[in-house]
Amino acid sequence: MSVYLSSSPVSLLFASSSSSSKSNCHLHLPPPRHATSFSFLRRRRFTSKSNPSFSSPETLHSRCSASSSMSLELSSASSQGDEFRDSLLYSKAYWVSESIIAWNVDDSYASCFLYASQTAALSVAQDGIRGEDVRIELQEHSCGLSANVIEKFPHIRDYKAFKVPPVSDVKTLLKCQLAVATFNSDGKVSNATGLQLPGILDVLFSYDGPLGAHYAEEAVSLYLWAPTAQAVCACIYKDPLGGNPLEIIQLEEIDGVWSVKGPKSWEGCYYVYEVSVYHPSTLQIEKCYANDPYARGLSSDGRRTLLVNLDSDTLKPEGWDTLADEKPDLHSFSDISIYELHIRDFSISDHTVHPEFRGGYLAFTSQDSEGVLHLKKLSNAGITHVHLLPTFQFAGVDDEKEKWKSVDTKVLETLPPDSAEQQAQIMAIQNDDGYNWGYNPVLWGVPKGSYASNPNGPSRTIEFRKMVQALSHIGLHVVLDVVYNHLHGSGPFDENSVLDKIVPGYYLRRNTDGFIEHSTCVNNTASEHYMVERLIVDDLFCWAVNYKVDGFRFDLMGHIMKRAMVKAKKMLHNLTKEVHGVDGSNVYIYGEGWDFGEVAKNGRGVNASQFNICGTGIGSFNDRIRDAMLGGSPFGPPLQQGFVTGLLLQPNGHDHGTEAVEEQMLAAATDHIQVGLAANLRDFVLTNSEGTEVKGSEVLTYDGTPVAYALCPTETINYASAHDNETLFDIVSLKTPMDISVDERCRINHLATSIIALAQGIPFFHSGDEILRSKSLDRDSYNSGDWFNRIDFTYNSNNWGVGLPPKEKNENNWPLIRPRLADPSFKPQKSHILAALENFSDILRIRYSSPLFRLRTANAIQERVHFHNTGPSSVPGVIVMSIEDGHEGAPGLSQLDSNYSYIVVIFNSRPTEVSFASLALRGRNFQLHPIQVMSVDKIVKSSSYEASSGSFSVPARTTSVFIEPREI
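Reading the values: rules and limits
Residues numbered from 1 in each chain as written. Predicted model: local features only at pLDDT ≥ 70, side-chain atom pairs only at ≥ 80, totals over all residues. Heavy atoms only, no water. Helix = DSSP H or I, 4+ residues; strand = E, 2+ residues; numbered from the N terminus. Rg over C-alpha atoms; globule rule 2.2 N^0.38 Å. Buried < 20%, exposed > 50% of the residue type's maximum accessible area, 1.4 Å probe, protein only. Pairing = 2+ DSSP bridges. Salt bridge = Lys/Arg side-chain N within 4 Å of Asp/Glu carboxyl O. 1 Å grid on protein atoms, 1.4 Å probe; cavity = no way out; pocket = protein on both sides within 12 Å on 5 of 7 lines; lining within 4 Å. Points joined across faces, edges and corners; volume = space filled by probe spheres on them. Nonpolar A, V, L, I, M, F, W, Y, C, P; charged D, E, K, R; others polar. Axes fitted to C-alpha atoms, helices over the stretch in contact; angles between N-to-C directions. Contact = heavy atoms within 4.5 Å. Polar contact = N/O pair within 3.5 Å; in protein donor to acceptor, adjacent residues only side chain to side chain. Phe/Tyr/Trp six-rings, centres within 6.5 Å; stacked < 30°, edge-to-face > 60°. Lys NZ or Arg CZ within 6 Å of the ring centre and 35° of its normal. UniProt positions renumbered as here; feature names shortened; annotations may be inferred. pLDDT = per-residue confidence, 0-100. Core = buried A, V, L, I, M, F, W, Y, C linked by side-chain atoms within 4.5 Å.

*Asks:* Help me understand the overall build of the protein, please; the structure alone is not making it clear to me.
*Replies:* In terms of helices and strands, the protein carries 26 helices and 39 strands. Taking 968 residues into account, the globule formula puts the C-alpha radius of gyration at 30 Å, and the protein, at 30 Å, falls close to it. With the C-alpha coordinates of the protein rotated into their principal frame, the extents come out at 100 × 60 × 60 Å. The burial tally for the protein puts 63% of its 968 residues in the buried class.

Printed below as a string of structure tokens:
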């Protein structure tokens, strides 16, 4: 072993770092706000508003673009000077265990060394590395990387393994700037790079003890995991804004965890951490000012963490501790129906809500408001869960409401429906108003301040709890939209950066050059790292226990490791009323299982993609049924039609190919929908359009991907629309022929929601699906303000034709959009909206009228669900589904439904009435469902069944449900 020390021994490099003396912690207050605001818009949702972002050299180059842009610039710089001058800006080597460094270096080297500098003084020249305090010779390990390392880091499976000799204090080395370099036989540098440290940090510092602020009877203690930090101070403030700190305390470190015990008087104060740490984006030891990653409260500007004890009785609404006993019953996850809602959308335009409550948490407590009355209608019809778009602390909306800008909506209302002026005015203030979906996470564990009446102090906590309580009292469970796949800020200077200031290079996933991955949008997180996984699980625990929420929807769940998801599910399901005040067995989790970016095909470990997550009981969105119904995909030609929008049967002028191609497309779409109606089960057997018996997994999409992937029905979330992309009514209005009537478009809207409502699995509806909601054909309204996102619970308007949608995401489609918005016949009247709501409520009541629509196992679905209009002779545009029940005391199927022994559902997407006869369904006692007999929809009432022939007649663009009553 060769270890070379330039000055003091390794063990003495940071001898003073654990001192508790205040004088050893020199205070550097956080820098003032900068006048420049950077706006990053890679994918939907992401902006910086009035609060500026301070970007490190790395993020300025690569925050919202592929990191190759920085690589190209660095390569260009290198070619102009010293070949290795910029090599330390890269981190191409991985310290993966105490004794192994992995590096994809070629064979043309004679020796290899590890370098460390306490003061970040390393530099590279051809004759060697300069500025080091420690130099250690490494030897190539002939056995390569171990299996457990490859399992954790599959993307470096082919890297060379270099053996690190025993060093007296590896933990101290990790606080330094580190580099490795190879030399050729004449002593010249042949390669040099920085190191990525998550592997060794997990090996040496994985930790399950307390983190964040902990409250005892006489003390408040702070704990921060920061194993690479050289020093950590806590600056304690009395007030949320301004002023000097009351005191500055240096924390003591034990095994990477910094802590301090303070007086009880700290409770209610604010604090900021000053972390002295090497940051790979600047190659410097930086003093970073950051909130606590485990923050539970914040100041209004988001710059200070509030010391708030969530167990304090003063923060609990009356009856809070017994809320779990008052939650609506949930017998099975199969009984769930989800309604997706944005907090601000819900009430900002509702004049029956107190002005100070509009757009915030307390609007849900206004029991007689139009919005709450609407939710009560949905709850009474069958909706069980309200999914709230992000409610954590996110960037893009200032929490200080007095800073918001607005437009004069009275002026906008006078403009033509196809004018570009509305969007121009909205876009002029889009980064300074009160609107954003919220997919810009800053701190996961703090309620968003802009939704509270007072963003300072504990109001966020109290009002959030009142919201959950109010929704529970009207029969609705609460689902939170959690965004653990990325963070809005990174680097040492960005005011929205937290985790990357505390342990730089650990929480954010990096590519093989060492730059942050951005495939999610920006700053991908790395749940494959132990303490990232732990933070996610701890955060879920906080929301479930301290806010009594009932479910979590994971944004881009496929970018999270399956292990983290399974661990989270296990933790949640182990929560009990007796110990935690909540019944964790009723907490449902689901998410977007898309498989793309650096995690695709298990590129960073087994991720929580659609195909990987099956068998866990965790739900994922079924995009197959959406695309088959509507046509194409959100990323394909906007006029491509599908099952409900007129493919083959009512062309819109788009070139789909020959008639034979259209027939094949419609047949394939029908197969996809039928698989979805059977909960998208992988092993469900059906007869496809070619007349062949196949499993759901053998039905393929256009690119050869299996349609089905679920192993149980509650792993499938069926949906036609969500907050992303156009609303359901808008996409129907875009894809259907321009010459059909608004009456027909409303029927198509209902046809789509009825397929979702009557499918096995869990139905999911975007707020407004039931009232023909429009965003004036905006395909991405994440930052389009209240104007384009407006919901009207008076039912006077569906918000169609309020101007051309924002230019940034929609301009290419303006030629298609303009004539539709300009045509007054496209706009629904109040009568259409009311009818849509009644029809939607009816179809939900039908779902909950029989357990046969909510079968709990894959086996039950296979035994009971059958499709009849199948094979090459099937009638195009018609799906006939039956669900069979058994009879008590008789052999065969068990009896589940005491009212109906057999159900037949016919979805007719054709523009004309259809008759369908089946020998298998002949001679039975089918009747139109009593809810449809009493429906306000006169058309569905004309549906009929003739027993002698087994013939059903169903009107155009109609879903008809026939039941066979049990003999009394």
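That covers the picture; the talk isn't over yet.
*Asks:* Mind showing me how you'd approach the pairing of strand E31 (residues 762–766) here?
*Replies:* Working note: regular strand, side chains alternate between the two faces of the sheet. Summarising burial for E31: five of the five residues are buried, a large majority. For strand E20 (residues 338–341) and E31, the ladder comprises three bridges, and the chain directions are parallel. Bridge assignment links Tyr-339 to a residue of E31, and that residue is Phe-765.

*Asks:* Even after reading the chapter, I still don't get the pattern of salt bridges, so can you show me in this structure?
*Replies:* When charged atoms on two side chains of opposite charge get close, those side chains can pair. For the structure shown, the criterion picks out 39 salt bridges. In this structure, Lys-92 and Asp-513 form a salt bridge, with 3.9 Å as the shortest nitrogen-oxygen distance. Here Asp-513 lies in the loop between helix H12 (499–502) and helix H13 (530–546) and Lys-92 lies in the loop between helix H2 (68–80) and strand E2 (93–97), a separation of 421 residues in the sequence. On the basis of relative accessible area, Lys-92 is assigned to the partly exposed category, the value being 35%. For Asp-513, a relative accessible area of 21% corresponds to the partly exposed category. Across the salt bridge formed by Glu-274 and Lys-287, the nearest N and O atoms sit 3.8 Å from each other. Within this pair, whereas Glu-274 is found in strand E17 (residues 270–279), its partner Lys-287 is found in strand E18 (residues 284–290), the two being separated by 13 residues in sequence. Residue class for Lys-287 comes out partly exposed when judged on its relative accessible area of 35%. Members of the salt-bridge network, linked through shared partners, are Asp-481, Arg-553, Asp-555 and Glu-592.

*Asks:* Looking at this structure, I do not really get empty space enclosed by the protein. What am I missing?
*Replies:* It is the rolling of a water-molecule-sized probe over the atoms that shows where space remains empty. A complete count under the given rule lists 14 cavities of 30 Å³ or more for this structure. There is about 240 Å³ of room inside the largest cavity. Taken together, 22 residues line the largest cavity, and the ones lying closest to its centre are Cys-176, Leu-195, Leu-197, Tyr-278 and Pro-280. Sort the elements by how many residues they give to the lining of the largest cavity and strand E9 (residues 177–183) lands first, with three residues. Broken down by class, the residue content of the lining of the largest cavity amounts to 15 nonpolar, five polar and two charged.

*Asks:* What am I meant to see in the sheet that holds strand E11 (residues 212–215) here?
*Replies:* Paired through backbone hydrogen bonds, the strands of a sheet run either parallel or antiparallel to each other. The strand order across the open sheet formed by four strands is E11-E12-E16-E15, and the pairing between neighbours is antiparallel. Whereas interior strands pair on both sides, the edge strands pair on one side only; in this sheet they are E11 and strand E15 (252–254). Direction aside, neighbouring strands of the sheet carry axes that sit 30° apart on average.

*Asks:* How should I be thinking about helix H17 (residues 623–630) in this particular structure?
*Replies:* Since the α-helix packs 3.6 residues into each turn, any two residues three or four apart lie on the same face. Of all eight residues in H17, eight are buried; the element is thus mostly enclosed. Buried residues belonging to H17 abut helix H16 (610–613), strand E27 (619–622), helix H18 (659–677), strand E30 (716–719), helix H19 (728–735) and helix H20 (742–757). The opening residue of H17, the one whose side-chain oxygen lies 3.1 Å from the backbone nitrogen of Arg-624, is Asn-622. Of the residues flanking the end of H17, it is Gly-631, one or two places downstream, whose phi is positive at about 110°.

*Asks:* Help me understand the packing of aromatic side chains in this model?
*Replies:* For any two aromatic rings, the description comes down to two numbers: the centre-to-centre distance and the angle of the planes. As enumerated under the stated definition, the model contains 39 aromatic pairs in all. Ring centres of Trp-225 and Tyr-507 lie 6.3 Å apart, and the angle between their planes is 90°; this geometry places the pair in the edge-to-face category. Of this pair, Trp-225 sits in strand E12 (residues 219–225) while Tyr-507 sits in the loop between H12 and H13, and the two are 282 residues apart along the sequence. Tyr-507 shares its class with Trp-225; the two are buried. Geometrically, the ring pair formed by Tyr-719 and Phe-764 is edge-to-face, given 6.3 Å between the ring centres and 85° between the ring planes. Taken together, the positions of Tyr-719 in strand E30 and Phe-764 in strand E31 put the pair 45 residues apart, joining distant regions of the chain. The exposure class of Tyr-719 is buried, given its relative accessible area of 4%. Of the residues examined, Phe-764 reaches a relative accessible area of 0% and is grouped as buried. Among the aromatic residues, those joined into a ring-pair cluster are Phe-333, Tyr-588, Tyr-590, Phe-621, Tyr-719 and Phe-764. Above the face of the Phe-826 ring, Arg-745 is positioned so that its terminal group lies 3.8 Å from the ring centre. Sitting over the face of the ring of Trp-787, Arg-790 holds its NZ or CZ atom 4.6 Å from the ring centroid.

*Asks:* Sorry, what's going on with the layout of surface pockets here?
*Replies:* In this structure, the second largest pocket spans a volume of roughly 1000 Å³. Around the second largest pocket, the lining comprises 44 residues; the ones closest to its centre are Arg-344, Ile-348, Ser-349, Thr-409 and Asp-786. Of all the elements in the fold, those that place two or more residues in the lining of the second largest pocket are helix H7 (343–347), helix H9 (409–412) and helix H21 (785–789). Here the lining of the second largest pocket is built from residues that sort into 15 nonpolar, 14 polar and 15 charged.

*Asks:* Explain the UniProt feature "domain: Glycoside hydrolase family 13 N-terminal" (unreviewed entry) in the protein here, please?
*Replies:* The positions UniProt marks with the feature "domain: Glycoside hydrolase family 13 N-terminal" (unreviewed entry) are residues 210–295. Between the end C-alpha atoms of residues 210–295 there is a gap of 13 Å, over a span that is 0% helix and 59% strand.

*Asks:* Honestly, the sheet that holds strand E34 (residues 900–908) in this entry has me stumped. Any pointers?
*Replies:* Read across the open sheet, the five strands follow the order E32-E33-E34-E39-E36; overall the sheet is antiparallel. Here the strands that pair on one side only, and so sit at the sheet edges, are strand E32 (865–867) and strand E36 (927–928). Of the strand pairs in this sheet, strand E33 (residues 878–884) and E34 are connected by seven bridges, and their pairing is antiparallel. Directly across from Val-880, in E34, lies its bridge partner Ile-906.

*Asks:* Quick question: what am I supposed to make of the environment of Glu-253 here?
*Replies:* Examined against the element boundaries, Glu-253 turns out to sit in strand E15. The exposure class of Glu-253 is buried, given its relative accessible area of 19%. For the pair Glu-253 and Ser-472, spaced 219 residues apart in the sequence, the C-alpha separation amounts to 44 Å. Dropping the residues within four chain positions of it, Glu-253 is found in contact with Lys-175, Pro-227 and Trp-258. Within the structure, Glu-253 has its side chain in polar contact with the side chain of Lys-175 (distance 3.0 Å).

*Asks:* Before we go on, may I ask you to explain the confidence of the model for the protein in this structure?
*Replies:* Atom-level detail of predicted coordinates should not be read off regions where pLDDT is low. Residues with a pLDDT of 70 or more make up 91% of the protein, whose mean pLDDT is 92. In the predicted structure, residues 7–81 sits below a pLDDT of 50 and forms 204 contacts with residues beyond four places in sequence or in another chain.

*Asks:* Just to check I follow, could you spell out unusual backbone geometry for this structure?
*Replies:* Backbone geometry follows two general trends: most residues other than glycine have a negative phi, and most peptide bonds adopt the trans configuration. Although it is not a glycine, Asn-602 adopts a positive phi angle of roughly 60°. The residue Asn-602 is located in the loop between strand E26 (588–591) and H16 in this model. A relative accessible area of 30% means that Asn-602 is categorised as partly exposed. At Leu-648, a position not held by glycine, the phi torsion is positive, near 70°. Examined against the element boundaries, Leu-648 turns out to sit in the loop between H17 and H18. Taking relative accessible area as the criterion, Leu-648 reaches 16% and is therefore assigned buried.

*Asks:* I'm lost on the nonpolar core in this one. Help?
*Replies:* Generally speaking, nonpolar side chains in soluble globular proteins are found buried as a group. Counting 223 residues, the largest nonpolar core has Trp-95, Leu-174, Trp-225, Phe-552 and Phe-554 as the members making the most contacts within it. If one sorts the elements of this core by residue count, H13 sits on top with 11 residues. When sequence neighbours within four positions are dropped, the list of residues in contact with Trp-225 reads Phe-205, Tyr-207, Leu-211, Gly-256, Val-257, Ile-502, Val-503, Tyr-506, Tyr-507 and Met-531. Judged by nonpolar contacts, the second largest core, of 16 residues, contains Phe-84, Tyr-115, Leu-122 and Ala-181.

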